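Examining the three-dimensional arrangement
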Amino acid sequence: MEDTVKQEDHFNEKLEKGDFIEPKDWMPEKYRKTLIRQISQHAHSEVVGMLPEGNWITRAPNLRRKAILLAKVQDEGGHGLYLYSAAETLGISREELLDQLHTGKAKYSSIFNYPTVTWADIGAIGWLVDGAAIMNQVMLQRTSFGPYSRAMIRICKEESFHQRQGYEIMVALSKGSAEQKQMAQDALNRWWWPTLMMFGPPDAISSNSADSIKWKIKRETNDELRQKFVDRTIAQVEYLGLTVPDPKLKWNEARGHYDFGEIDWAEFNSVVKGNGPCNRERLKARVGAHKNGEWVRDAATAYAKKQAAKAAGSLVA
Amino acid sequence: MNKQEALIDYCLRLGDNSLVLGHRLSEWCGHGPILEEDLALANIALDLLGQTRNLFTYAAAVEGKGRTEDDLAYTRNNYEFRNALLTEQANGDFAVTIARQLFYTSYAWLLFTELQKSKDETIAGIAAKALKETSYHLRHCNEWTIRLGDGTEESHRRMQDAVDSLWMYTDDIFAQTEGDALLIKEGIAADAATLKPKWDAMIKETLTKATLKMPEGGFMMKGSREGKHTEHLTYILGELQFLQRTYPGMEW
Ligand SMILES: [Fe+2]
Ligand SMILES: [Fe+2]
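Position numbers for residues count from 1 along each chain, tracking the sequence in the order it is written. Chain letters start at A and ligand numbers start at 1, both assigned in the order the entries are written. In view of the model being predicted, local features appear only for residues whose pLDDT reaches at least 70, and side-chain atom pairs are presented and counted only at 80 or more, with totals across whole chains, interfaces and linings using the full set of residues. Note that water and hydrogens are dropped before the side-chain values are worked out from all heavy atoms of the structure.

Details of the overall build of chain B
Operational definition: Note on conventions: DSSP H or I runs of at least 4 residues are helices, E runs of at least 2 residues are strands, and numbering of each starts at the N terminus. Radius of gyration: over C-alpha atoms. The globule rule applied is 2.2 Å multiplied by the number of residues raised to the 0.38 power. Each residue is assigned to one of three classes by its accessible area relative to the maximum for its type, calculated with a 1.4 Å probe on protein chains only: buried under 20%, partly exposed between the two thresholds, exposed over 50%. Any two residues whose heavy atoms approach within 4.5 Å are treated as being in contact. What sets the accessible areas is the Shrake-Rupley method with a 1.4 Å probe; for residues, cover comes only from the shown protein chains.
Per the secondary structure count, chain B includes 12 helices and zero strands. Put simply, chain B runs from its N terminus to its C terminus through helices and strands in the order α-α-α-α-α-α-α-α-α-α-α-α. Relative to the compact-globule value of 18 Å for 252 residues, chain B shows a C-alpha radius of gyration of 18 Å, a close match. In chain B, which comprises 252 residues, the proportion classed as buried is 60%. Of the contacts made within chain B by residues no fewer than 6 positions apart, 80% connect residues no fewer than 24 positions apart. Counting every atom, chain B has about 10100 Å² of accessible surface; 52% of that belongs to carbon and sulfur.

Pasting the structure below:
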């Protein structure tokens, strides 16, 4: 009992000083659980996120864009790998994590349950979705858990390229033909609100936010990050000559921020619960890939075992 | 066919190979058997796309009619494509993809090894860079062929089936044209006929290590050098060229 108290004091001291918590350090069970939930959710998001964008690799409009998109989607897979490794340091295997995803126990970012129906969606995802993700990830570079922070530092290096390539697509479309401009506006209309939802429920009702702030897993609240995102993005929307689908959006001189309309949290909750336009397809694709790959993974394991047995045999001989 | 035409045709042949194969590999993105393979296949696809862009840019320059890499990729018709029939075959299961990689990549490795000595400096430069990439691709498919062949009973069966089913497209990879003969004489192109026995030896070595049987003889399908393709190519082009065909002449 006293031990736990001491350990907890020591843990809190470290947090206070701004030291990293490392995998071997003592940590409250709830801290560990929160991190596993958050890091794995993040990893799953990277991997599921490959699907809507991967959709357009074969249809990219020119070879340069195709190469950029391929590299981008490949980066996202890499992010998934770093994050699965970071989660594994907390004592859970990748197999277990994937199982949680496939059974619906673990979540991934709901944004990837929206469809990519035109090329402009690839622009909107890079610009808005990666843009929103970056704000979260920049903050997480200073998260209290060492491996998570280090993964974020690596990831952030690649993310600014993701947002830039998306914005570039939007610039090209908005300078293009009437049809292209229409495509860009339509994508903005569809992605704007779901992107704002990415920051999570309002602080007043967010169940996880308070603990995460206390443990310095998060350093800014959902609402703070959301406001920052809106403030930053509106100038870009204006540069593109597009409009956000929010009649209440208005600069508030007194606050020094943009005011914006009410987010439809009922839609958010419904998509989180599994009723978005692509939830079933996304999960089906991931489960299908895993199932279809089972014989491949089994073969690799069997081959490695045979090789190990051979090596052991030759040592004995 | 004069030398200029032959050179354009040769670059298109090689560029189409990597474009179409890269397209196929990129279809795996997000659907691979393990995340590491999603990354590896995307990486290979990206290298192949880079090779295509170098080759198309050069073909367009040699042609001198102001066409771009994108004109070549997006506005040619099915019968104008010169990619080997093998490269357009469907992904199938992972074993089929690996067998296709093995057959193509062994060829590409031999080809670029020769072409880095080409008397055409641009070709030599493109080949030297491609050879580095191809060495990695070759290791990747060799290792997987062996792992799958010598893994479980199921993987062995699937890998053997894959090798057997794609075998009929392997002669077509080496098909040559009159134009090639012209370029070979000038020391610009590699003589595919001399690559074939080396390819046979490479494939045999890997298949043997993988406890797989090397197919012998049988029907061999050809035609890619004359633009005669299997049914797959038009579907690929339908996807690949969709935006450029629907909205011609736009900037993206
Ligand atoms: Fe990412
Ligand atoms: Fe990203």
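Details of the coordination of the iron ion (ligand 2)
Residue and element names in this part refer to chain A. The test is simple: Each metal's donors comprise the N, O and S atoms found within 2.8 Å of it (within 3.2 Å for Na, K or Ca). Water is not part of the atom list, so some coordination spheres may appear incomplete.
Within the protein, the atoms that donate to the iron ion (ligand 2) are Glu 76 (OE), Asp 130 (OD), Glu 159 (OE), Glu 159 (OE) and His 162 (ND1), at distances of 2.0 to 2.7 Å. Counting residues between consecutive donors of the iron ion (ligand 2) along the chain gives the motif E-x53-D-x28-E-x2-H. The metal-metal distance between the iron ion (ligand 2) and the iron ion (ligand 1) is 3.4 Å, with Glu 76 coordinating both. Separated by 86 residues along the polypeptide, Glu 76 in helix 4 (residues 63-88) and His 162 in helix 7 (residues 146-174) bring together distant segments of the chain. Each member of the pair, Glu 76 as well as His 162, carries the same accessibility label: buried.

Here we look at the interface of chain A and chain B
When the parts of a complex come together, some accessible area is lost, and that lost area is often taken as the interface size. Operational definition: A simple way to read buried area is as the amount of 1.4 Å-probe accessible surface that goes missing from two parts once joined, with both sides added. A side-chain nitrogen of Lys or Arg and a carboxyl oxygen of Asp or Glu constitute a salt bridge if their distance falls within 4 Å. Any pair of N or O atoms that falls within 3.5 Å is considered a polar contact. Within protein, one atom must be able to donate a hydrogen and the other to accept it, and sequence-neighbouring residues count only if both atoms are side-chain atoms.
On the side of chain B, 48 residues touch chain A, which itself brings 46 residues to the contact. Taken over both partners, the interface formed by chain A and chain B buries close to 4000 Å², and the fraction arising from carbon and sulfur atoms is 69%. Residue Glu36(B) is joined to Arg94(A) by a salt bridge in which the shortest nitrogen-to-oxygen separation is 2.4 Å. The interface formed by chain A and chain B includes 14 residue pairs in polar contact (both at pLDDT 80 or more). Only helix 3 (50-54), helix 4, helix 7, helix 8 (178-197), helix 12 (279-292) and helix 13 (294-316) of chain A provide two or more residues apiece to the side of chain A that touches chain B. Looking at which element gives the most residues to the side of chain A that touches chain B, the answer is helix 4 of chain A, with 14 residues.

A look at the confidence of the model for chain B
Heads up, the condition is: Predictor confidence is given residue by residue as pLDDT, running from a minimum of 0 to a maximum of 100.
Counting all residues, the mean pLDDT for chain B is 98, and 100% of those residues have values of 70 or more. This prediction of the complex comes with two scores: 0.96 for pTM and 0.97 for ipTM.

Topic: the coordination of the iron ion (ligand 1)
Residue and element names in this part refer to chain A. Heads up, the condition is: Here a site with four donors is tetrahedral if all angles are between 85 and 135 degrees, and a site with four or six donors is square planar or octahedral if opposite donors are over 155 degrees apart and the other angles are between 65 and 115; anything else gets the irregular label.
The protein atoms that coordinate the iron ion (ligand 1) are Glu 46 (OE), Glu 76 (OE), His 79 (ND1) and Glu 159 (OE), at distances of 2.0 to 2.4 Å. Classification of the site at the iron ion (ligand 1) rests on its four donor atoms, whose angles at the metal span 81 to 165°, yielding the label irregular. Within one chain, the residues donating to the iron ion (ligand 1) are spaced in sequence as E-x29-E-x2-H-x79-E.

Some details on the packing of aromatic side chains
Here is the rule: Ring pairs are drawn from Phe, Tyr and Trp, using the six-membered ring of Trp, whenever the two centres fall within 6.5 Å, and their geometry is named by plane angle: stacked under 30 degrees, edge-to-face over 60, tilted for the rest. As a reminder, the over-ring test applies to NZ of lysine and CZ of arginine, requiring each to be within 6 Å of the ring centre and within 35 degrees of the ring normal.
By the definition in use, this model includes 20 aromatic pairs over all chains. Here a set of aromatic residues connected by ring pairs shows up, and it is made of Phe103(B), Tyr104(B), Tyr107(B), Trp167(B), Phe174(B) and Trp199(B). Its end group placed over the ring of Tyr82(A), Arg154(A) keeps NZ or CZ at 3.8 Å from the ring centre. Above the face of the Trp144(B) ring, Arg147(B) is positioned so that its terminal group lies 4.5 Å from the ring centre.

Considering unusual backbone geometry
Here Lys216(A), not a glycine, exhibits a phi torsion of approximately 60°, which is positive. Topologically, Lys216(A) is positioned in the loop between helix 9 (209-214) and helix 10 (222-240). Here Thr211(B), not a glycine, exhibits a phi torsion of approximately 60°, which is positive. Among the secondary structure elements, Thr211(B) is positioned in the loop between helix 10 (192-209) and helix 11 (232-240).

Brief notes about the side chain of Glu88(B)
Residues and elements named next belong to chain B. Test applied: Charge counting follows a simple rule: Lys and Arg are positive, Asp and Glu are negative, and His as well as the terminal groups are ignored.
Along the chain, Glu 88 falls in helix 4 (residues 85-88). At 7.7 Å, Arg 24 is the nearest oppositely charged side chain to Glu 88, a buried residue that forms no salt bridge. In this structure the side chain of Glu 88 is engaged in a polar contact, spanning 2.6 Å, whose partner is the side chain of Thr 230.

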